[in-house]
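Next come the chains, spelled out residue by residue.
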Amino acid sequence: MATVELRFSAQPEHVRTARLVAAAVARRAGVDEAVLDEVRLAVGEACSRAVGLHRSHGVDAPVRVVLTEEEKLFSIEVGDEVPGSGGGASAVPGVRGSAPGDELDDGAEDEMGLAVISGLVDDVEVTSGDSGGVIRMSWPTTPATVLP
């Protein structure tokens, strides 16, 4: 299992870098070329959400992005350090996680971002706790073809 971890200060201009890194690692992991735009967009949305949460709650800690390549799966976790930040996930179809009533002050915008992510990614899970929230997304990979 190969893992790449990226941490960046909660500045909107760093989201582009996270998208580029995610697409490059996904390509190397064997994610279908047709899905790479979805990976890029989903990571951009998740990172923008984390940056917004950090900035609106005055959190100085970096946003975490962990990209993991497993045998038949490529997964990305985008984490923030805002307590209870998984709010709204239960109201978004296709998103697992988060208890009802776990709402943010900017709940409508948060739910919109999570809805966009769930529209792009079939396997997405949103969790939150006292130490922050995590959006986990995964895509199937195809094994690399070995040329004779």
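Our structure is the block above this text.
All of these numbers come straight from a predicted model, not from anything done at the bench.

Colleague: Give me the overall build of the protein chain: which residues, what numbers.
Modeller: Helix and strand counts for the protein chain come out as 3 helices and 5 strands. The long-range fraction of contacts in the protein chain, counting pairs at least 24 apart against all pairs at least 6 apart in sequence, stands at 63%. Here the protein chain has roughly 7800 Å² of accessible surface; of this, 52% comes from carbon and sulfur atoms.

Colleague: Before we move on, can you summarise the environment of Ala24 with the specific residues and values?
Modeller: Structurally, Ala24 can be placed in helix α1 (residues 15–29). Of the residues examined, Ala24 reaches a relative accessible area of 44% and is grouped as partly exposed.

Colleague: Quick rundown of the sheet that holds strand β4 (residues 123–129)? Include the residues and the values.
Modeller: Backbone hydrogen bonds are what pair the strands of a sheet, in a parallel or an antiparallel way. Spatial ordering of the open sheet is given by β1-β2-β3-β5-β4, a layout of 5 strands whose pairing is antiparallel. This sheet does not close on itself; its edge strands, each paired only once, are β1 (2–8) and β4. Recorded for the sheet is a direction-independent mean angle of 15° between the axes of neighbouring strands. Of the pairings in the sheet, the one linking β1 to strand β2 (residues 63–69) comprises 7 bridges and is antiparallel in character. The residue of β2 that forms the bridge with Leu6 is Val65. Its contacts with the sheet place helix α2 (residues 36–56) against β1, β2, β3 (73–79) and β5 (132–140), and it is angled at close to 180° to β5.

Colleague: Describe the nonpolar core, naming the residues involved and giving the relevant values.
Modeller: Phe74, Ile76, Val78, Met137 and Trp139 are the most contacted members of the largest nonpolar core, which totals 33 residues. Among the secondary structure elements, those contributing two or more residues to this core are β1, α1, α2, β2, β3, α3 (107–120), β4 and β5. The greatest single-element share of this core, amounting to 8 residues, is contributed by α2. Sequence-distant contacts of Val78, that is, excluding residues within four places in its chain, are made with Ala46, Cys47, Ala50, Val63, Arg64, Val65, Gly133, Val134, Ile135 and Met137.

Colleague: Can you tell me about α2, naming the residues and giving the values?
Modeller: Between its terminal C-alpha atoms α2 stretches 30 Å, which fits the 30 Å expected from 21 residues at 1.5 Å a residue. Taken together, the buried positions of α2 are occupied by Leu36, Val39, Ala42, Val43, Gly44, Ala46, Cys47, Arg49, Ala50, Val51, Leu53 and His54. Once α2 finishes, Gly58 follows within two positions and takes phi at roughly 65°, a positive value.

Reading the values: the criteria
- Counting of residues starts from 1 at the beginning of each chain's written sequence and follows it residue by residue.
- Side-chain atom pairs in this predicted model are given and counted only at pLDDT of 80 or more, local residue features only at pLDDT of at least 70, and totals for whole chains, interfaces and linings cover all residues.
- Each side-chain value is worked out from all heavy atoms of the structure, with water and hydrogens disregarded.
- Think of it this way: any DSSP run of H or I at least four residues long counts as a helix, any run of E at least two long counts as a strand, and we number them from the N terminus.
- We call two residues contacting when some pair of their heavy atoms lies within 4.5 Å.
- In short, Shrake-Rupley with a 1.4 Å probe defines the accessible areas, and a residue's cover is counted only from the protein chains shown.
- A 1.4 Å probe rolled over the protein chains alone gives each residue an accessible area, and that area as a share of the maximum for its type sets the label: buried under 20%, exposed over 50%, partly exposed in between.
- By the convention used here, strands pair only if DSSP detects at least 2 bridges between them.
- Angles here are taken between N-to-C directions and fall from 0 to 180 degrees, while the axes themselves are lines fitted to C-alpha atoms, restricted in helices to the stretch in contact.
- Only buried Ala, Val, Leu, Ile, Met, Phe, Trp, Tyr and Cys residues count toward a nonpolar core, and they belong to the same one when joined by side-chain atoms within 4.5 Å.
- By definition here, a helix of n residues has an expected span of 1.5 Å times n minus one.

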